[in-house]
Amino acid sequence: METRPHPLPEITRAATALAALGSEPRLAILRRLVRAGPRGLPIGDLGEAVGVTGSVLTHHLKQLVSAGLVIQRRDGRRILSSVDIAAVEALSRFLISECCADLGGPDPDCRKDKANG
């Protein structure tokens, strides 16, 4: 079965997102923001929850925002950060989009087989 390469922008977006998640603090930040849901968290609360504060937290958030995984918005004097669920879902779809392609196409039992070893 012939597979077509992913368009460059899609693979570039995925590589950028995965590179941003290649840091333990950034992965912890993203996971905490997933837990917080669409309302997000103020930066101070987020930093306290993941044990990263100040300029280091700002640096990590900047990387996640640049990768398109986190959205920041102003709420009065606070800055709220929230996960871009659509972007995380798109990254997940990208990673599994060709599951079982070499076996003739998507197989509903494919993931079940992998999970059972």
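Whatever comes next refers back to the structure up there.
Basis of the calculations
Residues numbered from 1 in each chain as written. Predicted model: local features only at pLDDT ≥ 70, side-chain atom pairs only at ≥ 80, totals over all residues. Heavy atoms only, no water. Pairing = 2+ DSSP bridges. Helix = DSSP H or I, 4+ residues; strand = E, 2+ residues; numbered from the N terminus. Core = buried A, V, L, I, M, F, W, Y, C linked by side-chain atoms within 4.5 Å. Buried < 20%, exposed > 50% of the residue type's maximum accessible area, 1.4 Å probe, protein only. Contact = heavy atoms within 4.5 Å. Axes fitted to C-alpha atoms, helices over the stretch in contact; angles between N-to-C directions. Parallel < 35°, antiparallel > 145°, perpendicular 65-115°, else oblique. Nonpolar A, V, L, I, M, F, W, Y, C, P; charged D, E, K, R; others polar.

1. A look at the pairing of strand β2 (residues 70-75)
Relative to strand β3 (residues 78-83), β2 runs antiparallel, the two sharing six bridges. Each residue of the ladder has a partner; that of Arg73, found in β3, is Leu80. Count of turn residues in the β2/β3 antiparallel hairpin: two residues, of which Gly76 carries a positive phi of about 65°.

2. Considering the nonpolar core
Within the largest apolar cluster, 19 residues are counted, with the highest numbers of intra-cluster contacts made by Ile29, Leu33, Leu64 and Leu69. Of all elements in the fold, only α1 (8-20), α2 (24-36), α4 (54-66) and α5 (85-96) reach the threshold of two or more residues within this core. When residues no more than four places from it in sequence are discounted, the contact partners of Leu33 are Leu41, Leu46, Val70, Ser81, Ser82 and Val83.

3. Here we look at the packing of α2 against α4
The contact between α2 and α4 brings their axes to 10 Å, and the two run at 75°. In terms of axis orientation, α2 runs roughly perpendicular to α4. Between α2 and α4, the contacting residues are Pro25, Arg26 and Ile29 on the first element and Leu57, His59, His60, Leu61, Gln63 and Leu64 on the second. Residues that form the contact of α2 with α4 fall into these classes: five nonpolar, three polar and one charged.

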